[in-house]
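This is what each chain is made of:
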Amino acid sequence: MLGQQVPSKALGAAAKTGTLASSYIFSGTRGIGKTTIARIFAKTLNCAEGPAEDCCDQCQACIEIREGRCLDVLEVDAATHTGIDDIRELREAAQYPPGQERYRVFILDEAHQLSAAAWNGLLKVLEEPPQWCVFLFCTTEPHKIPATIESRSLHFAFRSPSPAQLKGHLQRVAQDEALEIDSDALDLLVKAADGSVRDGLSAMDQVRALVGQSVDAGSVRDALGLVPGEAIARYVEALTAGDTPAALEVVASMEESGQDLRSVAAEALEAVRRLALDLTLGGKADSGPFPEQLVYLGKVLDETETRLRQGGPQRTLLDLATIRMTRMAGLEKLEELVGRLEEISAGPRSPMGGNPSGRGPGGRGLGSEGPGGRGPGRGGPGGRGPGSGRPAGGPQRSAPASKPSTAGPPASRTDPDRVAHSGASARTGNDLADLSSQMQDSSPALAAVLRQAKSTHCDDSGRLRITLSQDAGEFVQARLSSDEGKQSLAGAWAALGYPKPRQVEILREASEAKTPSHKALSREEILEEARKDPAVRSLFERFGAVVLQSKSIEPEAGG
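Keep in mind it's a predicted model, so treat the numbers as computed, not measured. (Residues numbered from 1 in each chain as written. Predicted model: local features only at pLDDT ≥ 70, side-chain atom pairs only at ≥ 80, totals over all residues. Heavy atoms only, no water.)

Caption draft 1: Region of interest: the sheet that holds strand β4 (residues 133-139). Strand order in the open sheet formed by five strands is β2-β3-β4-β1-β5, and the pairing between neighbours is parallel. A strand with exactly one partner marks an edge of an open sheet, and here the two such strands are β2 (73-77) and β5 (154-157). Direction aside, the axes of adjacent strands within the sheet are offset by 15° on average. Looking at chain direction, β2 and strand β3 (residues 104-109) are connected through five bridges and run parallel. Across the sheet, the residue bridging to E75 is I107, located in β3. Lying over the sheet, helix α5 (residues 116-127) contacts β1 (23-27) and β4, oriented at roughly 145° with respect to β4. (Pairing = 2+ DSSP bridges. Helix = DSSP H or I, 4+ residues; strand = E, 2+ residues; numbered from the N terminus. Axes fitted to C-alpha atoms, helices over the stretch in contact; angles between N-to-C directions. Contact = heavy atoms within 4.5 Å.)

Caption draft 2: Fine view of the environment of I145. Tracing the chain through its elements places I145 in the loop between β4 and α6 (147-150). The sequence separation of I145 and H112 amounts to 33 residues, and the corresponding C-alpha distance is 5.7 Å. Apart from the residues lying within four places of it in its own chain, the contact partners of I145 are I25, W119, T139 and E150.

Caption draft 3: Spotlight on the packing of helix α18 (residues 431-442) against helix α21 (residues 483-495). Remark: α18 packs on α21, axes separated minimally by 9 Å, with the N-to-C direction vectors making an angle of 110°. The angle between α18 and α21 falls in the class roughly perpendicular. The two elements α18 and α21 meet at a crossing, and its hand is right-handed. Touching D431, L435, Q438 and M439 of α18 are S488, L489, A492, W493 and A495, all from α21. Partitioning the contact of α18 with α21 into residue classes produces six nonpolar, two polar and one charged. (Parallel < 35°, antiparallel > 145°, perpendicular 65-115°, else oblique. Left-handed = near helix turned anticlockwise from the far one by under 90°. Nonpolar A, V, L, I, M, F, W, Y, C, P; charged D, E, K, R; others polar.)

Caption draft 4: Up close: the nonpolar core. Of all hydrophobic cores here, the largest spans 29 residues; its most connected members are Y235, M254, V264, L318 and M325. When residues of this core are assigned to their parent elements, the largest contribution, eight residues, is made by helix α13 (residues 261-282). Residues contacting M254, with those up to four places away along its chain left out, are V227, P228, A231, Q259, L261 and V264. (Core = buried A, V, L, I, M, F, W, Y, C linked by side-chain atoms within 4.5 Å. Buried < 20%, exposed > 50% of the residue type's maximum accessible area, 1.4 Å probe, protein only.)

Caption draft 5: Inspection of the pattern of salt bridges at higher detail. Taken as a whole, this structure holds 26 salt bridges when the rule is applied. Residues K124 and E128 are paired through a salt bridge, measuring 3.7 Å at the closest nitrogen-oxygen approach. The exposure class assigned to K124 is partly exposed, which follows from its relative accessible area of 48%. On the basis of relative accessibility, which here comes to 56%, the residue E128 falls in the exposed class. Put simply, D260, R262, E305 and R309 are held in one network by salt bridges that share partners. (Salt bridge = Lys/Arg side-chain N within 4 Å of Asp/Glu carboxyl O.)

Right under this line is the structure:
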């Protein structure tokens with residue numbers, strides 16, 4: 001039997017040694033030889049040359065079983081004889097020994113169709129079976145067989161033959177029938193068989209009845225109503241290129257030629273699958289479709305094919321799905337979309353990037369005083385007051401012109417108050433810009449978020465303060481206030497040549513005295529913020545995404 005070496009070998013060994021079970025279950029898809037092997041097993045048990053692993057198929061017992069004339073081998077269609085009365089007759093017949101053969105064999109085809117009462121009627125005879133009685137249950141749905149029956153039986157799961165095995169079998173049959181058939185036609189027959197040997201042979205008979213003894217791929221398509229491969233290729237090419245008119249034209253031509261549009265969707269799905277596998281396993285191309293786009297096409301085609309199978313206006317459903325898929329031709333690659341999302345989340349960047357007011361929380365200039373009013377602290381990035389702690393040999397930066405202080409630092413330094421109130425110096429040619437550039441390589445996401453900062457300030461106590469603009473979102477503040485964000489900021493600050501700060505604080509610019517909110521965002525607030533983001537909204541629309549879980553963002557204390 002084609003592809004059934006394991007059950008054939010096991011059954012042959014059982015027949016040879018006489019170690020038989022009272023019942024066997026043969027399960028598997030349609031047309032792969034379950035009932036045929038059951039008949040062969042009955043021949044093996046009763047063959048005149050036996051007991052042996054195989055039957056001679058020439059003795060009287062084998063001939064009678066093959067022709068269905070053997071009184072000791074009873075084949076029952078369980079789909080028709082489903083009731084307890086039919087099983088009662090079968091159970092009574094099992095009590096009598098065979099008249100001519102060694103064993104009395106009962107073959108129940110489509111056994112899953114038996115009623116619960118019928119199965120219960122078989123329990124007693126399976127628990128205490130006569131030594132001459134063997135039951136063979138053939139089914140395509142083994143899960144419908146009661147567990148009480150399955151536990152008393154040996155179960156053999158039959159496998160579908162591989163495409164190569166099925167193609168070789170069909171080719172041998174064609175040679176025996178003097179049928180001229182090429183390789184492409186055989187491939188189409190194997191595809192139409194869908195793993196069933198019986199369906200493959202039926203398809204071959206149908207083609208031969210239509211075209212005679214010479215069969216090619218075109219005649220197989222015409223006889224079986226298969227969708228032309230060239231049309232599917234044009235359709236998938238139009239989908240990936242975003243050519244809506246061309247794709248709709250293919251659908252219209254398929255309908256006019258009488259093709260089943262459900263088959264069109266199924267063939268297109270298979271073509272997309274092959275294209276995605278070739279692209280993924282063979283390497284990414286610089287142009288053309290990419291895996292994310294093909295996965296989306298496969299998802300839509302699968303949904304459409306399922307909907308067409310359920311009924312409804314086929315042309316309408318496929319046309320709408322085609323328009324939906326061609327709209328996805330401009331879909332950006334995932335890595336590019338993530339980059340855009342980070343940029344959009346960071347917000348727009350001001351040309352000057354400065355803080356017009358130059359004032360931090362509470363309305364006080366960040367560089368005018370250190371904490372607790374202990375004299376001039378570290379001023380704006382353009383210059384530093386005394387005690388800034390910057391190494392003598394550290395990097396030197398240009399600073400805007402400043403007015404020398406009469407009783408303060410030397411003329412070569414910049415007045416901290418002037419720097420703190422200079423909008424341009426807060427971002428241009430100063431530590432904030434350098435800090436963002438320093439973090440670009442190690443943490444590009446944080447560097448993008450840092451663009452919404454207005455100014456930096458590090459006091460004598462080693463506390464680094466970063467002030468955000470008023471329109472900076474809670475996400476930006478929470479990201480910078482996280483442990484990872486603070487560590488990255490401290491490391492980047494030290495990499496600029498300054499002493500590493502002992503503490504990092506994230507503040508928010510405000511026109512009035514206002515402390516940053518420490519209240520965690522609720523799920524509804526998170527969803528509302530996400531809906532306002534054009535990148536997130538684009539993702540939801542293009543991929544048909546839904547929110548399964550949300551997590552509130554709670555800034556740390558002092559951030």
